[in-house]
Structure formats: C-alpha cells, structure tokens
Amino acid sequence: MQDESKNEILEAISEFSTQVDTRFSRIEGVLATQMVTKSYLDDKLVDLRGDLIQVIRKVDKKATKTIELLGIKKIFTPNEVSGLNSV
C-alpha cells in the first residue's frame, strides 16, 4: 500500500511540474514577443524629437506673429518688439 501511495504522489508531482513547465514556456514566449529593442527605442525617440521640434516651431511662429501684431497696435514699443523677437 505504501508503494502505491508513493507512486500516486510521484505521479501527481510529475503532472504538476509538467503543467508548470508548460505555463512558464507560454509566459516566456509572450515576454519574448514584447521585448523592446534598442533600435526600436532609438527610432521612437527620433520620431518624438521630430514631433517636438515641429510643435516648438509652430509655437515660435505664433509668438512672433503675436509680438508683431502687438507692436503694430502700439501695445509694445518698437524696442520691446525687437527685444522680444531677438530672444
């Protein structure tokens, strides 16, 4: 009877370890497909930098135009307009 109990326990442990191995293999597969490479990050950072430069240029153009309009409407003096445009 003891040998049968030991065999049942060993079979249960073997089955459990097989299931755990299978689950770990699936998890490893998912993680491997979700890994981010250095070149991917480099490309994304370059894209982000380009997008930020475009936004900054657009804001700069709007600020310059606003300063010019405020100078035309005599809200800013010519010295103030040239000073703000040179910053």
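The rules behind these values
- Residues numbered from 1 in each chain as written.
- Predicted model: local features only at pLDDT ≥ 70, side-chain atom pairs only at ≥ 80, totals over all residues.
- Heavy atoms only, no water.
- Helix = DSSP H or I, 4+ residues; strand = E, 2+ residues; numbered from the N terminus.
- Rg over C-alpha atoms; globule rule 2.2 N^0.38 Å.
- Buried < 20%, exposed > 50% of the residue type's maximum accessible area, 1.4 Å probe, protein only.
- Areas by Shrake-Rupley, 256 points an atom, 1.4 Å probe, with all protein chains shown as cover.
- Lys, Arg positive; Asp, Glu negative; His and termini not counted.
- Charge placed at Lys NZ, Arg CZ, Asp CG, Glu CD.
- Patch = residues over 30% accessible without salt bridge, like charges linked within 9 Å, V, L, I, M, F, W, Y side chains within 5 Å.
- Salt bridge = Lys/Arg side-chain N within 4 Å of Asp/Glu carboxyl O.
- Axes fitted to C-alpha atoms, helices over the stretch in contact; angles between N-to-C directions.
- Parallel < 35°, antiparallel > 145°, perpendicular 65-115°, else oblique.
- Contact = heavy atoms within 4.5 Å.
- Nonpolar A, V, L, I, M, F, W, Y, C, P; charged D, E, K, R; others polar.

### Quick look at the overall build of the chain
Item 1. What the chain contains, in helices and strands, is three helices and zero strands.
Item 2. Seen in sequence order, the chain has helices and strands lined up from the N terminus as α-α-α.
Item 3. Over its C-alpha atoms the chain spans a radius of gyration of 34 Å, topping by over 25% the 12 Å that the globule rule assigns to 87 residues.
Item 4. In terms of overall dimensions, the chain has C-alpha extents of about 105 × 25 × 15 Å along its principal axes.
Item 5. Counting across all 87 residues of the chain, residues that qualify as buried make up 3%.
Item 6. Total accessible area computed for the chain in this model is approximately 8300 Å², and 60% of it derives from carbon and sulfur atoms.
Item 7. Each charge class in the chain was averaged separately, 13 positive and 14 negative side chains, and the resulting centres sit 23 Å apart.

### Re a nonpolar patch on the surface
Item 1. On the surface, Leu45, Leu48, Leu52 and Ile56 cluster together to form a nonpolar patch covering roughly 410 Å² of accessible area.
Item 2. Its place among the elements puts leucine 52 in helix H2 (residues 38-72).
Item 3. Assessed through its relative accessible area of 47%, leucine 52 is described here as partly exposed.

### As for the pattern of salt bridges
Item 1. Applying the stated criterion to the full structure yields one salt bridge.
Item 2. One salt bridge connects lysine 38 with aspartate 42, and the closest N-O pair in it is separated by 2.8 Å. Here aspartate 42 and lysine 38 lie together in helix H2, a separation of four residues that amounts to about one turn.

### Some remarks on the packing of H2 against helix H3 (residues 78-85)
Item 1. Put simply, H2 and H3 touch, their axes get as near as 9 Å, and they point 175° apart. The angle between H2 and H3 falls in the class roughly antiparallel. Contacts from Thr64, Ile67, Glu68 and Gly71 in H2 reach Val81, Leu84 and Asn85 in H3.
Item 2. Here the contact of H2 with H3 is composed, by residue class, of three nonpolar, three polar and one charged.

### Thoughts on a negative patch on the surface
Item 1. On the surface, a cluster of negative charge is made up of Asp3, Glu4, Glu8, Glu11 and Glu15.
Item 2. Locating glutamate 4 in the fold gives a position in helix H1 (residues 2-33).

### Let's talk about the environment of valine 81
Item 1. Note on placement: valine 81 falls in helix H3.
Item 2. Between the alpha carbons of valine 81 and lysine 44 there is a distance of 38 Å; along the sequence they are 37 residues apart.
Item 3. The contacts of valine 81, once residues within four sequence positions are left out, are Ile67, Gly71 and Phe76.

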